[in-house]
Amino acid sequence: DDPSSEESFRAFFEALRSMVKDFGGALGGIADFRESLAALSKMSRDLRPPLRRLEQGLTLLTESEYVVNEWVEMAQIAEDELKQ
């Protein structure tokens, strides 16, 4: 029950929430960017392989939203336990 440890945890949790909030905002831009990639790949056969790889990376980023949201939930549980 070291007060400095509790404060460190709280600062970490707040930084995590901030990161997840920023991440969520970026996902909207990713969806728009993915649409533009689809249009671009129709115009150039040569660009299709690198665009496909970029699309795969963007898909992974989008799917990771579930994981980072779980981090926030776990942080909230841990923070609630600190309050007790």
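Residues numbered from 1 in each chain as written. Predicted model: local features only at pLDDT ≥ 70, side-chain atom pairs only at ≥ 80, totals over all residues. Heavy atoms only, no water.

**Things to note about the overall build of the protein**
Within the protein, the regular secondary structure consists of three helices and zero strands. Listing every helix and strand of the protein by position from the N terminus yields α-α-α. Against the globule reference of 12 Å for 84 residues, the protein gives a C-alpha radius of gyration of 19 Å, more extended than a compact globule. Projecting the C-alpha coordinates of the protein onto the three principal axes gives extents of approximately 60 × 15 × 15 Å. Per-residue burial over the protein gives 17% buried out of 84 residues. Looking at the protein alone, contacts between residues at least 24 apart form 75% of all its contacts between residues at least 6 apart. (Helix = DSSP H or I, 4+ residues; strand = E, 2+ residues; numbered from the N terminus. Rg over C-alpha atoms; globule rule 2.2 N^0.38 Å. Buried < 20%, exposed > 50% of the residue type's maximum accessible area, 1.4 Å probe, protein only. Contact = heavy atoms within 4.5 Å.)

**What to know about the packing of helix H2 (residues 48–63) against helix H3 (residues 65–83)**
The relative placement of two packed helices is expressed as an angle between their axes plus a distance between the axes. The N-to-C vectors of H2 and H3 enclose an angle of 25°; their axes lie 4 Å apart at closest approach. The pairing of H2 with H3 is recorded here as roughly parallel in orientation. For the pair H2 and H3, contact is made by Leu61, Thr62 and Glu63 and by Glu65, Tyr66 and Val67, respectively. (Axes fitted to C-alpha atoms, helices over the stretch in contact; angles between N-to-C directions. Parallel < 35°, antiparallel > 145°, perpendicular 65-115°, else oblique.)

**Re the packing of aromatic side chains**
Applying the stated criterion across every chain, the model contains two aromatic pairs. Consider the rings of Phe9 and Phe13, whose centres lie 6.2 Å apart with planes at 25°: the pair is stacked. Placement of the pair is Phe9 and Phe13 together in helix H1 (residues 3–43), with a separation of four residues, close to one helical turn. What links up through ring pairs into an aromatic cluster is the set Phe9, Phe12 and Phe13. (Phe/Tyr/Trp six-rings, centres within 6.5 Å; stacked < 30°, edge-to-face > 60°.)

**A closer look at the side chain of Glu79**
Mapped onto the elements of the fold, Glu79 is located in helix H3. Leaving out residues up to four positions away in the same chain, Glu79 has contacts with Arg10, Phe13 and Arg17.

**Notes on the confidence of the model for the protein**
Per-residue confidence for the protein averages 86 on the pLDDT scale, and 98% of its residues sit at or above 70. When mean pLDDT is taken per element in the protein, H2 scores highest with 92 and H1 scores lowest with 85. (pLDDT = per-residue confidence, 0-100.)

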